[in-house]
Amino acid sequence: MNIASKLIWAFISLGVVTVWGLTLGGIVYKIFARVQGRLGPPVWQPFIDIFKNNSKRTSISHGIMYYLGPVFRIAGGIGTYMFIPVLFGSAHFSNFSMSGDLLLVMYFIFFGQLGMALGAGEGGHPYSAIGVSRGLAQMTAFEVPFALSVISLAMQYKTLNITDIVAAQQGGFLNWTLFTNPLAVAAAMIAMLGMNMHNPFSIVIAPQEIPIGPPTEYQSAFLGLLATNRGIFNGAKLVLFMNLYFGGATNLAALVAKTFCIYMFSVFVGAAFPRFRAEDSIRFFLKVPTLVGIAAVLLWTL
Amino acid sequence: MPEDKEIVTPVPPAERPEWVKDERTLTNSGLPEEERDWFCDARPRRAEKSWRVVENFMNWARAHSLWILAFGTGCGAIELRPLVTARYDISRLGMQMRPTPRQASVFLIGGYVSLKTLKRIVRSYEQMQGPKFVVAVCSCAINGGMYWDSYNTIKRIDEYIPVDVYVTGCMPRPEAVLAGFNLLKKLIREGKAEGQNLYADKFDWFKANQKQVITDWNMPDYNW
Amino acid sequence: MRQLYDQLKDTYRLTEYGERHPGQAAAQVPAERLTSLLTQLRDAHGFSHLVLMTCVDWLEQGQFQVTYILHNHTRRQDFILKVRVDRAHPVLPSIHTLWKQARVYQRELHEMFGLEFPGSPGIDEPMILESWQGPPPMRRDFDTRKFSEERYSHRPRSHSEPEARMKEQLYPED
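This text gives an overview of the structure that appears in the document. Every value quoted in this text rests on a predicted model; they were computed, and no experiment measured them. (Residues numbered from 1 in each chain as written. Chains lettered and ligands numbered in written order. Predicted model: local features only at pLDDT ≥ 70, side-chain atom pairs only at ≥ 80, totals over all residues.)

1. Points about the overall build of chain A
If you tally the helices and strands in chain A, you get 13 helices and zero strands. Along the chain direction, N to C, the helices and strands of chain A fall in the order α-α-α-α-α-α-α-α-α-α-α-α-α. Here chain A has a C-alpha radius of gyration of 19 Å; the compact-globule value for 302 residues is 19 Å, and the two agree. Residue burial in chain A is summarised as follows: out of 302 residues, 49% are buried. (Helix = DSSP H or I, 4+ residues; strand = E, 2+ residues; numbered from the N terminus. Rg over C-alpha atoms; globule rule 2.2 N^0.38 Å. Buried ≥ 20, exposed ≤ 12 C-beta atoms within 10 Å, placed from the backbone.)

2. With respect to helix H3 (residues 102-113) of chain C
All names here are of chain C. For H3, built from twelve residues, the straight-helix expectation of 16 Å at 1.5 Å per residue is met to within 8% by its first-to-last C-alpha distance of 16 Å. Turning to H3, its buried residues are Ala102, Tyr105, Gln106, Arg107, Leu109 and Glu111. Looking at the buried side of H3, the elements it contacts are strand E3 (49-58). Downstream of H3 by one or two residues, Gly114 has phi in the positive range, about 85°. (Expected span 1.5 Å × (residues − 1). Contact = placed C-beta atoms within 7 Å.)

3. Overview of the interface of chain C and chain B
Where interface size is quoted, it is often the accessible area lost as the parts come together. Contacts between the two partners involve 14 residues from chain C, matched on the other side by 17 residues from chain B. In terms of residue class, the side of chain C that touches chain B is made up of five nonpolar, six polar and three charged. (Nonpolar A, V, L, I, M, F, W, Y, C, P; charged D, E, K, R; others polar.)

4. Looking at the interface of chain B and chain A
In this assembly, 19 residues from chain B lie in contact with 25 residues from chain A. Grouping the amino acids of the side of chain B that touches chain A by side-chain chemistry returns seven nonpolar, eight polar and four charged.

5. Some details on the sheet that holds strand E4 (residues 63-72) of chain C
Residue and element names in this part refer to chain C. The strand order across the open sheet formed by five strands is E1-E2-E5-E4-E3, and the pairing between neighbours is mixed. The open sheet has two edge strands, strand E1 (15-21) and E3, and neither has a second partner. This sheet shows a mean twist of 20° between the axes of neighbouring strands, independent of strand direction. Bridge count for E4 against strand E5 (residues 77-86) is ten bridges, and the pairing is antiparallel. For Val66, the partnering residue across the bridge sits in E5 and is Val83. (Pairing = 2+ DSSP bridges. Axes fitted to C-alpha atoms, helices over the stretch in contact; angles between N-to-C directions.)

6. Topic: the arrangement of the chains
By contact count, the dominant pairing among the two pairs of chains in contact is that of chains A and B. A minimum C-alpha distance of 26 Å separates chain A and chain C, which share no contact.

Given below as structure tokens:
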């Protein structure tokens, strides 16, 4: 495929993952509401919220870095997605996957939050860096078990190319990383709880906790951009986890089913637990999940 | 309806400090001298509508995703709590409670408004963005209600901020508040809920009313 | 509680004993004996809880009556003490050294009635009425209705006659 059609298909798959990520968010709100005995918003409510936010007639900006914060964040989200192959064996939906793209994707996961930190530091509130520093601290903490799990994967499959990792998992259930390297999967799934920012790690995006920083400073079109990024980023992370640990997908139906089940794992945990404070969550990540990750790495060096 | 030109009462030249750019700049007269040019000195401007098809779509999106400012101004705040519970459930209508005025579209004035609260209401209302709507519940917001002869409450809230929908009651039942929200949604979809433009047009009249009752005005004239 | 009253009545010049319930008694004390009486009740007789301080405006007699209610938790008794001060010169000793919460009550009474409590910390901070420049509003010679009619604009009455309208709508054949 030449570069022009590859680019077009990459943007089409970006549109697909945006719609799927936002719909998944809507389904989760509906499930939470039904569990609590209410009716809940319609499944397409995140789309309506984004349209409403983008149709606000005024917006307040506090400077150029404040303006660029959400831009960095959505650049991180799109960058994360663009290097993950979505469907194995499909020439259209394999984006720009290349050798070594696993490290690049991990970099982009972190890049969005860093850009947001720069932007929110120039918010209207003099102490808005507090809200941002908690998010960054929690993100640093959950990167540790995730990175150990990725190292263990790299040693197991002897490659950093996601397409090769997916190829090595084909041929039946028992070839999935879930069954061949369960410790790495355990460490990574616990790290995913921190990434998705449901309870117990939702202190970063809860605006009632500290009403300063990104959850409360951004409004109108900025908030629309951040909400769109939430859909893209969630979808990208789920597709990444599916590719690395659960065998990848060869058609869109399998993609939808597998990512839904992976997301339900963090939703079930989120529905059952209250919130950790930021320092509690850092301590949590640096204890048992790190040990599990180290064990996963050691298993493959010996 | 005919769009009026902006009615601007200019600041006379003799009273302008030297940093004031032109006759439309606000003087932030409530602040001390050294803080006056730190704060916003521009007047609110009318926000223009776009083409009819786009505006209809945007009004539909605004009506189906109203975010309420979680600021309980009086007794009427009690009526917000049952709406969020499972029996009346406003989340099925797309409404949620936001803690910050920057992200909210609807301001629910619940009940009596004392002078101390009015200052905070004005400040929060001016910080809200975009098309913003005000729903005033309870009879105290309509004509003073139970506090009609009180020395500390205001009797007509729509002389201080523009109001779209009134809901009568003392308190209104949750069904009545939901009926008020339905009327607000109907007004939004018809394009008649333009409180922001009314505030920008009659800014000097609103500001004069506010400053007449709030005598210790120690904040900027327009809190962005 | 009659024994307690008799015990204290000569030293502190208490008058006008009243008892409504078995555990609730009232007495009147002159202003200069107030602080020592409250200290004695708190330290020696177990009335450790200051429940509230409030004020009554006797306009016809030209006096303010400040009421203190003390509570004894071990014996479950309330003692209501009333002090009368002159309306033109309403100064009372401050009891914020005995109970810290008296500071808040005294601030409220200063704002609403104009009572003076010399030495009470933060007495000029406005509590509810920011930027109030009129007379203390809870005094009975302050006409709140006239004030509110002059200061605030009222909505004109709507002559809607709901009873006649609903009757015509629901029962048109009558």
